[in-house]
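# Working through the structure, step by step
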Amino acid sequence: MSDNEPMNIYQRINEVRKEVEYIQKDKEVQGYKAVTHDMVTARVRDSLIKHGVTIVPSVFSSDVIEAKTAGGKPKIRYQVKYEMAIVNVDNPSDQFIMIIEAHADDQGDKAPGKALSYAKKYAILKLFDLETGEDDESRVGDERRGYTANQKLTFDNLIKDNDSLALRVLELTVDEDVMKGLFNSFPPGQKSKGKERCRELCATGSKQLLGIEAALESGDYTLASESYFNMSNTGKTLLERHIGSNAMRELMALLEEADRESAA
């Protein structure tokens, strides 16, 4: 190829591969580090623009399944298959298609967005052979039991720490099959006692979570302070994911007010 001859889509992809080799995990999710869609996009965006490559997703097929969380709240599972067109921006007919499947659960309207973010993230990771340190294959055995090794580690730590609020939040934020598998993960001879302990903790955690929600609604920090300060760091991360960043900031403001009043 001469210096003036334009590169085809495969050559452009190779140039991006030369510039981006590794993406650092940037977020803790249910007790383990993961690489997010935003991190992946940020790392490859400049190289994609520089070498004239764009990724255009379109829905090939999709399905919505109505379900319920472990706490009985309605949720949906959005299952979708995307066609990801990898396009040479200087010659849009020079392109090829990747098929990516994804699914996402949500109690509101965010499942389609979650699925698209997941699908595009993995399309980029696989297309450009990017290393992240994630080992999807190592989780297969645990997923057959309904949970991953990291979810099991989180669960065990919450039980050990008697973190009832965090255990309740975990119950609300993972798939029902995950929590069912975790409840059944105690060793033989300890299952009945372990399940009963989980139910007791979750019942206590449910009351504590109601207190935090009431505190956010009323502005009365006394309904939330003891529950929050007894939580582990993992539990606080789970709580923020459940109630959202804005509500978490409101909660922290209430607790700071409590500190000021106690110091006065």
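How each quantity is defined
- Residues numbered from 1 in each chain as written.
- Predicted model: local features only at pLDDT ≥ 70, side-chain atom pairs only at ≥ 80, totals over all residues.
- Heavy atoms only, no water.
- Buried < 20%, exposed > 50% of the residue type's maximum accessible area, 1.4 Å probe, protein only.
- Helix = DSSP H or I, 4+ residues; strand = E, 2+ residues; numbered from the N terminus.
- Arc of directions from axis to C-beta.
- Contact = heavy atoms within 4.5 Å.
- Polar contact = N/O pair within 3.5 Å; in protein donor to acceptor, adjacent residues only side chain to side chain.
- Salt bridge = Lys/Arg side-chain N within 4 Å of Asp/Glu carboxyl O.
- Axes fitted to C-alpha atoms, helices over the stretch in contact; angles between N-to-C directions.
- Parallel < 35°, antiparallel > 145°, perpendicular 65-115°, else oblique.
- Left-handed = near helix turned anticlockwise from the far one by under 90°.
- Nonpolar A, V, L, I, M, F, W, Y, C, P; charged D, E, K, R; others polar.
- Pairing = 2+ DSSP bridges.
- 1 Å grid on protein atoms, 1.4 Å probe; cavity = no way out; pocket = protein on both sides within 12 Å on 5 of 7 lines; lining within 4 Å.
- Points joined across faces, edges and corners; volume = space filled by probe spheres on them.

Here we take up helix H1 (residues 9–19). An α-helical turn contains 3.6 residues, so any two residues separated by three or four positions project in the same direction. Of the positions making up H1, those classed as buried are Ile 9, Arg 12, Ile 13 and Val 16. Mapping the buried residues of H1 onto a view down its axis gives an arc of 100°, with all of them on the same face. Seen from the buried face of H1, the exposed residues on the opposite side, beyond 90 degrees, are Tyr 10 and Lys 18. Summarising the contacts, the buried residues of H1 are in contact with helix H2 (37–50), strand E3 (53–68), strand E4 (74–88), strand E5 (95–106) and helix H3 (111–127). Measuring from the backbone nitrogen of Tyr 10 back to the side-chain oxygen at the start of H1 gives 3.0 Å, which picks out Asn 8 as the cap.

Once that is clear, we can look at the pattern of salt bridges. Under the criterion given, the structure shown has eleven salt bridges. Note that Asp 105 is salt-bridged to Arg 77, the shortest N-O span being 2.8 Å. With Asp 105 in strand E5 and Arg 77 in strand E4, this pair connects stretches of sequence that are 28 residues apart. Residue Asp 105 is classed as buried on the basis of its relative accessible area of 16%. Residues Arg 199 and Glu 196 are paired through a salt bridge, measuring 3.3 Å at the closest nitrogen-oxygen approach. In this pair, Arg 199 and Glu 196 both sit in helix H8 (residues 191–218), three residues apart, roughly one turn of the helix. Where salt bridges share partners, they join Lys 75, Arg 77 and Asp 105 into one cluster.

Right, let's talk about the packing of H8 against helix H10 (residues 233–243) for a bit. When two helices pack together, their arrangement is captured by the angle between the axes and the distance separating the axes. At a minimum axis distance of 13 Å, the contact between H8 and H10 shows a crossing angle of 55°. Judged by the inter-axis angle, H8 sits oblique to H10. Of the two possible hands of crossing, H8 and H10 adopt the one that is right-handed. Together, Leu 209, Ile 212, Glu 213 and Leu 216 of H8 and Leu 239, His 242 and Ile 243 of H10 make up the contact between the two elements. Grouping the constituent residues of the contact of H8 with H10 by class yields five nonpolar, one polar and one charged.

This part takes up the pairing of E4. Sheet topology places E3 next to E4; 15 bridges connect them, and they run antiparallel. Opposite Ile 65, over in E4, you have Arg 77 as the bridge partner. Bridge analysis of E4 against E5 gives twelve bridges, and the strand direction is antiparallel. Across the sheet, residue Gln 79 finds its bridge partner in E5, namely His 103. Turn length for the E4-E5 hairpin, with the two strands adjacent in sequence and antiparallel, is six residues.

All right, on to the environment of Lys 110 then. By the element assignment, Lys 110 lies in the loop between E5 and H3. Through-space distance from the C-alpha of Lys 110 to that of Ile 76 is 9.6 Å; in sequence the pair is 34 residues apart.

It is worth spelling out the layout of surface pockets at this point. Its boundaries defined by the atoms lining it, the second largest pocket holds a volume of some 150 Å³. In terms of lining residues, the second largest pocket is bounded by Thr 41, Val 44, Arg 45, Leu 48, Ile 49, Val 53, Thr 54, Ile 55, Lys 120 and Ile 124. For the lining of the second largest pocket, the secondary-structure elements that each account for two or more residues are H2, E3 and H3. With five residues, H2 is the single largest residue contributor to the lining of the second largest pocket. The class makeup of the residues in the lining of the second largest pocket is six nonpolar, two polar and two charged.

Nothing here speaks to function; it is all geometry.
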